[in-house]
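Below, each chain spelled out in residue letters.
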Amino acid sequence: MKLRVLWLGKTRDAWIKNGVTEYATRVGRYLPLTFDELKDEKDATQQEGRRREGERLLKQLSPQTVLVVLDERGQQMTSVQFAEFIGKQRDNGTAELAFAIGGAYGFSDEVRNRAARVLALSAMTFTHQMVRPFLLEQMYRACTILNNEPYHH
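By convention here, each chain's residues receive numbers from 1 onward along its written sequence. Only residues with pLDDT of at least 70 get local features here, since the model is predicted, and only at 80 or more are side-chain atom pairs given and counted; chain-wide, interface and lining totals rely on the full set of residues. Derived side-chain values reflect all non-hydrogen atoms in the structure, with water molecules and hydrogen atoms excluded from consideration.

**Side note on empty space enclosed by the protein**
Working step 1: Within this scheme a cavity is a closed region of a 1 Å grid, computed over the protein atoms alone, that accommodates a 1.4 Å probe without allowing it to escape, whereas a pocket is open but has protein on both sides within 12 Å along at least five of seven lines; lining residues each have an atom within 4 Å of a point. Grid points are joined across faces, edges and corners, and a volume is the space filled by probe spheres set on the points. By the definition in use, this model includes one cavity of 30 Å³ or more.
Working step 2: Approximately 40 Å³ is the volume found for the largest cavity.
Working step 3: Contributing to the lining of the largest cavity are Leu-8, Arg-50, Glu-53, Gly-54, Leu-57, Gly-102, Gly-103, Gly-106, Phe-107 and Val-111.
Working step 4: The element best represented in the lining of the largest cavity is helix α2 (residues 46–58), accounting for four residues.
Working step 5: Counted by class, the lining of the largest cavity contains four nonpolar, four polar and two charged residues. The helix count covers DSSP runs of H or I at least four residues long, the strand count covers runs of E at least two residues long, and both are numbered beginning at the N terminus. Any residue that is not Ala, Val, Leu, Ile, Met, Phe, Trp, Tyr, Cys, Pro, Asp, Glu, Lys or Arg is counted as polar, Gly included; the first ten are nonpolar and the last four charged.

What follows is the structure, encoded as structure tokens:
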């Protein structure tokens, strides 16, 4: 199974870039991982920006891609539950599992409706930039859980 992460806007801060690189390398030891950094909408209303970003994001997905949208209002999982979810996708023959991190104003209804799951990393609100390394760390943790390795304790 291939993992894919799509996000809106450039990764600006060095510490975020370093975290993304570190955990992407770790995840890549278990599963193929790719990123798509899509253009965000800066000069549009919130609604119009969400619509344009959503169209851009949906064009990147094949019909077979299983999409998980990260949103603060989504379902929360423990790390073990997240690992089980990834493991089930892998074991069920999912070719591509994609995680989408929205822009500053979230996702359009079209993107949410396309998603197989809406997931929250926390009940707290994080910047869409900070979510990038947090998600990748959880992907790595999930891989170690699935492989019975001691990282998660």
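**Looking at the nonpolar core**
The nonpolar side chains of a soluble globular protein tend to be buried with one another.
Working step 1: Buried Ala, Val, Leu, Ile, Met, Phe, Trp, Tyr and Cys residues that are joined via side-chain atoms within 4.5 Å together make up what is termed a nonpolar core. Classification of residues uses two cut-offs on accessible area relative to the type maximum, computed with a 1.4 Å probe and protein chains only: under 20% is buried, over 50% is exposed, and between them is partly exposed. Counting 30 residues, the largest nonpolar core has Leu-3, Val-5, Phe-82, Leu-97, Phe-99, Leu-135 and Met-139 as the members making the most contacts within it.
Working step 2: Tallying contributions element by element places helix α5 (residues 131–146) first for this core, with eight residues.
Working step 3: We call two residues in contact whenever any of their non-hydrogen atoms come within 4.5 Å of each other. In this structure Leu-97 touches Met-1, Lys-2, Leu-3, Arg-4, Val-66, Val-68, Phe-85, Ile-86 and Gln-89, once residues within four positions along its chain are discounted.
Working step 4: One finds Leu-57, Leu-61, Val-69 and Ala-98 within the second-largest nonpolar core, a separate group that totals 12 residues.

**A closer look at the side chain of Gln-89**
Working step 1: Position of Gln-89 relative to the elements: it lies in helix α3 (residues 79–91).
Working step 2: Every residue in contact with Gln-89, bar those within four places of it in the chain, is listed here: Met-1, Val-66, Thr-94 and Leu-97.

**A few points about the packing of α3 against α5**
Working step 1: Fitted lines through C-alpha atoms give the axes, limited to the stretch in contact for helices. The angle between two N-to-C directions lies from 0 to 180 degrees. The contact between α3 and α5 brings their axes to 8 Å, and the two run at 75 degrees. As judged from the angle between their axes, α3 and α5 are roughly perpendicular. In this structure, α3 contributes Ser-79, Val-80, Phe-82, Ala-83, Ile-86, Gly-87 and Arg-90 to the contact, and α5 contributes Leu-135, Gln-138, Met-139, Arg-141, Ala-142, Ile-145 and Leu-146.
Working step 2: Partitioned by chemical class, the residues of the contact of α3 with α5 number nine nonpolar, three polar and two charged. Working definition: roughly parallel below 35 degrees, roughly antiparallel above 145 degrees, roughly perpendicular at 65 to 115 degrees, and oblique for all remaining angles.

Fair warning: the whole summary comes from geometry, so function is off the table for now.
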